[in-house]
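# Summary of structural features
Residue strings, one per chain:
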Amino acid sequence: TVMAAPMTNDQSWFYALALGVSFLKCLLINAYHSTDFEVHRNWLALTHSLPVSQWYYEATSEWTLDYPPLFAWFEYGLSHIACFFDKEMLVVPNLNYASPATVLFQRLSVIVADVVFFYAVKECCKCLREDKGKDLLGKPSFILTVLLLWNFGLLIVDRILGDLAINKHFEGAFLFSVLLNLKHIYLYIAPAYGIYLLRCFCFTQSNADGSLQWRSFSVVRLVILGTIVLSTFAVSFGPFIALGQLPQVLSRLFPFKRGLCHAYWAPNIWALYNIADKAFSILGVKFRLLDINKLPKASMTGGLVQEFQHSVLPSVSPLATLVCTLLSILPALFKIWHRPNGARGFLRCLVICALGSFMFGWHVHEKAIMMAILPLSLLAVDSRKDAGIFLMLSVTSHYSLFPLLFTTQELPIKIFLMLLFTIFSLASLKTLFRKGGALLNPLEVTYLLGLIPLELICEFVYPLTVWQKTFPFLPLMLTSVYCALGVTYAFIRLYISLLTCSDTTKKTKMQ
Amino acid sequence: MENWSLFSLCVLLGLTSRWAVSFHSYSGAGKPPMFGDYEAQRHWQEVTYNLPVHEWYFNTTNNDLNYWGLDYPPLTAYHSLVCAYVAKLLNPEWVELHASRGYESHSHKLFMRATVLFTDILIYIPAVLLYCFYFCDGSSKQKVATALCILLYPGLILIDYGHFQYNSVSLGLALWGILGLGLGWDLFGSLAFTLALNYKQMELYHSLPFFCYLLGKCIKQGLIGRGFFQLAKISLTVLVTFALCWMPFLSDPKQPLQVLHRLFPFGRGLFEDKVANTWCSLNVLIKIKTLLSRETQLFLSFALTLLFILPSSLKLLSKPNLWQFKLALVNSSLAFFLFSFQVHEKSILLAAFMLPLLVKDGLLLPYVVTSLAFLFLSLYLLSALERSTEEELRLGLYRKLTRHWLPKLNLSRIIKWKFWFSLVAMAALSFTSVWLEPPAKFPDLFPVLVSILSFLHFLGFIIYFNLVQLMEPQRKKSQKKTN
């Protein structure tokens, strides 16, 4: 009928993209896991029906409240709206209650959250300076939007970064404290943000070469910052401290009773540690260095259990992981204290903090990797090296999420979406950095291509073999270990690039 | 961005939306005793696997034709047979004779959906990609945009992955036929189209343009000499293909007759249900279904169909080029849809007009989403509205005619307004059909309104496209082709 016109409208591409993502989500709404809905229903119910003193003690459902108090207050507010949809969902014993009105309410809240997300992304894109005359698909903000929108990821980091770029530090600090009180996973990046604020904000001036000028320390600013942060925490935790429930709350937030690893090992250092331990124990038994009767029962045939006892290598305690995490992020923190590089340096440090906490943390969920990928995507559209690292990390981490969607029905979807994202990031970043050779070196390409046989084996070939019955955990373990290698590699490369980057005085696009 | 990446992104988006729609319900889900089209396809697998060929189309003790008897040509039957073999490997219960009637399970649904996806990837999607690559003008981005629009076409997705059918096979084969003709490979094109015809008899709607195009081309090459040889080769290809497809049925003269009887059920009357064609809409005013005898109805529909396809076919015969061919395809299928006998609403495959059917299948959500998406996408990508200047609409001649009666009218503005009006009307009708209760005196009010609205649109389209094809104003080589 009619010809296709070039996509020249400036703003409408954003809406087209946003709508496209929303449409897809609508279609997939049937596939949303019921557990997510049940978790939220339970939290709505208990914040609504129970008094505050009971919130962190309630354990009727298995999905206990394990987010910080501000989130609980948020759920409490939401429950008042939920009242109008269906009062029955707010009754705590109604486990797995799913009337049509309930489902509608849940879906609407998801959509509203998405709208907020889109807005945040849009704001973020404003920070990037556009070159006129580049075609649409090559524009960094387009790529960024796609990368962010299609990242099933987190929201408010963008908002904060937006604030940062416009030097609205107070708002940024406030938002971050709020964020921290909403989801304590942001503790991962709190050190980076804290140090950065301290360094760049409380010390009002730097020397010409970027180093610290001690005399420019502003007590006023420190006090204001401290007040903001502390008051946010007070509002959030206050009632619980007053009730003397702080230990209980903390124990819910940081469940150290759970094992070192999730039931499915997140692809971090401990996955590699576990596999090394298993390998040593098998070899030890083979070469008769170890007595098989002395080893813990589960280590030989058991798979991914939560309470993992190491047989050969020393067991890991929560304190050990904390120490390792701090050690891993300390050099980065020191670097930005010493020579902050503006927003770019902060972002890099942010990524490293998030990655470091992911790599060495206790009972890490693989979704936590998204915390590192989002800021990295901002860096990726600006620098070649970062683009390469981003590709490695994003593809590996997306693949590591595959075991979360394990039904046959979701198999095509996850493969299609992953291919979609990979091809898009690859092609667009390639176009963006056309000059200067390939983004990925041959080793990285081989590694990424190796994901294809891995997927084929784990999902298609392995279930048909005899070992499926005896060692059902093997595909998960393989996935976990393979991805851990990729993530570690990215971590190391990022660190190298942070430590070796020269202090730049050239104008960065972010500032 | 490079071509390959854009095209693969397109395909992936198309595949994702298809599979996402397949999560939803299918035709006749959980509705005994008859269920729906999904059960029909499963039943055909059961019949073709368990019974010998000569019993497939006959009413026997093992094969009750009243319960979803086969009413598509042999190629569909063979396809069902292949699927049945796979089904037997996975779970024999799915194709147990008699015992598997009304079988419904999650894994079976996955299997059936997977078969649709498989044939889609094999036949339809490559055809679309090749078509956009070779026959679309413009930069590669515009080609990709067109490919995306075609792949995201809601009608096909909803029918095939929601309601449950295998239209992508016949449409894909027909598209291969068009591709073949466009590239000058007449034999390949005829082969592909004959296969399409043997898959679903609905493709007869397209057969006349194919025939006229090829005949016209042969005549142009001279009926004595090359043209004649070409004609002979094409006819031979077609006949041999038919023979091969129908081979198991040619042993006994009763067989082909019975098959034809199943394919063209003239005993069923002028129309069933609510279809957006002339007869159904006319029936609202004059009860022609009861007024006229069956023979008269047949004659009337035949005559009118012929009347509407003759001009376009003759024009194609005289000027066999690709542009005329494509227009003739549209005209011919519209004419058949509007005027022929026993038309099923699926024959039009236009999502927005099939609300009643889809709501019945519990597919309201996918319908809304895909239609909106498609609309938005085509508006955005193809800038449809911007292009509706008079040139593009090729209505220069038309304008001259109407200038006498309707001076001072800006035709493109009218078209734009009409478009928005239609959109609002469709949206309003969709909304009311779902949320409001019809008055007791007219329980079928909303489906009928939808049919009539759609019918008026189609009538307008057929007139418009006929005008475009017949008038063919002066155009330079560099002008764009239509789809």
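All values derive from a computational prediction rather than experimental measurement.

Calculation criteria
- Residues numbered from 1 in each chain as written.
- Chains lettered and ligands numbered in written order.
- Predicted model: local features only at pLDDT ≥ 70, side-chain atom pairs only at ≥ 80, totals over all residues.
- Heavy atoms only, no water.
- Helix = DSSP H or I, 4+ residues; strand = E, 2+ residues; numbered from the N terminus.
- Buried < 20%, exposed > 50% of the residue type's maximum accessible area, 1.4 Å probe, protein only.
- Contact = heavy atoms within 4.5 Å.
- Areas by Shrake-Rupley, 256 points an atom, 1.4 Å probe, with all protein chains shown as cover.
- Phe/Tyr/Trp six-rings, centres within 6.5 Å; stacked < 30°, edge-to-face > 60°.
- Lys NZ or Arg CZ within 6 Å of the ring centre and 35° of its normal.
- pLDDT = per-residue confidence, 0-100.
- Core = buried A, V, L, I, M, F, W, Y, C linked by side-chain atoms within 4.5 Å.
- Arc of directions from axis to C-beta.
- Axes fitted to C-alpha atoms, helices over the stretch in contact; angles between N-to-C directions.
- Parallel < 35°, antiparallel > 145°, perpendicular 65-115°, else oblique.
- Left-handed = near helix turned anticlockwise from the far one by under 90°.
- Nonpolar A, V, L, I, M, F, W, Y, C, P; charged D, E, K, R; others polar.
- Disulfide = S-S within 2.5 Å.
- Salt bridge = Lys/Arg side-chain N within 4 Å of Asp/Glu carboxyl O.

## Re the overall build of chain A
The secondary structure content of chain A amounts to 21 helices and zero strands. Buried residues in chain A amount to 52% of all 511 residues. Pairs at least 24 apart in sequence give 75% of the contacts found in chain A among residues at least 6 apart. Counting only carbon and sulfur atoms, one obtains 69% of the accessible surface of chain A, whose full area is about 23600 Å².

## A closer look at the packing of aromatic side chains
Under the definition given, this model contains 27 aromatic pairs over all chains. Between the aromatic rings of Trp55(A) and Tyr76(A), the centroid separation amounts to 6.0 Å while the plane-to-plane angle is 45°, which identifies the pairing as tilted. Of this pair, Trp55(A) sits in the loop between helix H2 (34-49) and helix H3 (69-85) while Tyr76(A) sits in helix H3, placing them 21 residues apart in sequence. When the centroid spacing of 4.8 Å and the interplanar angle of 35° are considered together, the rings of Tyr213(B) and Phe325(B) count as tilted. Placement of the pair is Tyr213(B) in helix H9 (residues 204-220) and Phe325(B) in helix H15 (residues 322-339), with a sequence separation of 112 residues. In this structure, Tyr213(B) and Phe325(B) share a single accessibility class: buried. These aromatic residues form a ring-pair network of at least three members: Trp55(A), Tyr56(A), Trp73(A), Tyr76(A) and Phe240(A). Between the NZ or CZ atom of Arg101(B) and the centre of the ring of Tyr67(B), over which it lies, the distance is 4.1 Å. Its guanidinium or amino end placed over the ring of Tyr72(B), Lys200(B) lies 4.3 Å from that ring's centre, counting from NZ or CZ.

## Side note on the confidence of the model for chain A
Residue and element names in this part refer to chain A. For chain A, the average pLDDT comes to 73, and 71% of its residues sit at 70 or higher. Predicted confidence in chain A is weakest over helix H5 (residues 140-149), with a mean pLDDT of 46, and strongest over helix H18 (residues 442-449), with 91. Ignoring residues within four places in sequence, the model shows residues 129-156, a span with pLDDT below 50, making 86 contacts including any to other chains. Below pLDDT 50 for its whole length, residues 504-511 participates in 13 contacts with residues either more than four positions away or in separate chains.

## Some points on the environment of Thr465(A)
Residues and elements named next belong to chain A. Along the polypeptide, threonine 465 turns up in the loop between helix H19 (451-461) and helix H20 (467-470). On the basis of relative accessible area, threonine 465 is assigned to the partly exposed category, the value being 27%. Put simply, threonine 465 and valine 39 are 426 residues apart on the chain and 36 Å apart in space, counted from C-alpha to C-alpha.

## A word on the nonpolar core
Nonpolar side chains tend toward joint burial in soluble globular proteins. Membership of the largest hydrophobic core comes to 87 residues, with the highest contact counts inside it found for Trp19(B), Trp56(B), Tyr57(B), Tyr166(B), Phe210(B), Tyr213(B) and Phe325(B). With 13 residues, the single largest contributor to this core is helix H4 (residues 106-135) of chain B. Apart from residues no more than four positions distant in its own chain, Tyr213(B) is found in contact with Leu181(B), Leu316(B), Pro320(B), Asn321(B), Leu322(B) and Phe325(B). Judged by nonpolar contacts, the second largest core, of 78 residues, contains Ala266(A), Leu439(A), Tyr447(A) and Leu498(A).

## Quick look at H19(A)
All names here are of chain A. Those residues of H19 that fall on the buried side of the exposure criterion are Leu451, Leu454, Glu455 and Cys458. Each buried residue of H19 lies within a common arc of 95° when the element is viewed along its axis, so the set occupies one face. Contact partners of the buried residues in H19: helix H16 (384-400), helix H17 (411-432), H18 and helix H21 (474-500).

## Concerning the packing of H4(B) against helix H5 (residues 140-151) of chain B
All names here are of chain B. Where H4 meets H5, the axes come as close as 9 Å, and the angle between the chain directions of the two elements is 150°. When the interaxial angle is binned, H4 and H5 end up roughly antiparallel. As for how H4 packs across H5, the hand of that crossing is right-handed. In this structure, H4 contributes Tyr124, Ile125, Val128, Cys132 and Phe133 to the contact, and H5 contributes Lys143, Thr146, Ala147, Ile150 and Leu151. Residues that form the contact of H4 with H5 fall into these classes: eight nonpolar, one polar and one charged.

## With respect to the state of the cysteines
Under the criterion given, the structure shown has zero disulfides over all chains. Free of any disulfide, Cys353(A) has its nearest neighbouring cysteine sulfur in Cys349(A), separated by 4.2 Å. Residue classification places Cys353(A) among the buried residues on the basis of a relative accessible area of 0%. Cys10(B) takes part in no disulfide bond, and the closest cysteine sulfur to it belongs to Cys132(B), at a distance of 7.9 Å. What makes Cys10(B) buried here is its relative accessible area of 3%.

## A closer look at the side chain of Arg42(B)
Along the polypeptide, Arg42(B) turns up in helix H2 (residues 37-50). Once you skip the residues sitting within four places of it in the chain, Arg42(B) turns out to touch Trp94(B), Ser100(B), Arg101(B), Gly102(B), Tyr103(B), His108(B) and Met112(B).

## Considerations on unusual backbone geometry
All names here are of chain B. In the Ramachandran plot, tryptophan 68 falls in the positive-phi region, its phi being about 50° despite a non-glycine side chain. Position of tryptophan 68 among the secondary structure elements: in the loop between H2 and helix H3 (74-90). Unusually for a residue other than glycine, histidine 98 sits at a positive phi of about 65°. As for its position among the elements, histidine 98 is in the loop between H3 and H4. Judged by its relative accessible area of 38%, histidine 98 falls in the partly exposed class.

## Description of the confidence of the model for chain B
All names here are of chain B. Of all residues in chain B, 76% have pLDDT values of 70 or greater, and the mean over the chain is 75. With pLDDT under 50 throughout, residues 349-366 is counted as low confidence; its partners more than four residues away or in other chains account for 63 contacts. With pLDDT under 50 throughout, residues 376-409 is counted as low confidence; its partners more than four residues away or in other chains account for 68 contacts.

## Quick notes on the pattern of salt bridges
Residue and element names in this part refer to chain B. Using the criterion set out here, one finds seven salt bridges over all chains in the structure. A salt bridge links aspartate 120 to arginine 18; the nearest nitrogen and oxygen atoms lie 2.8 Å apart. You can see aspartate 120 sitting in helix H4 and its partner arginine 18 sitting in helix H1 (residues 3-22), a full 102 residues away along the chain. Both residues of the pair, aspartate 120 and arginine 18, count as buried. Among the salt bridges present, the one from arginine 42 reaches glutamate 46, with a minimum N-O distance of 2.9 Å. Residue arginine 42 and its partner glutamate 46 are located together in helix H2, separated by four residues, close to a single helical turn. A relative accessible area of 0% places arginine 42 in the buried class. By relative accessible area, which is 1% here, glutamate 46 ends up buried.

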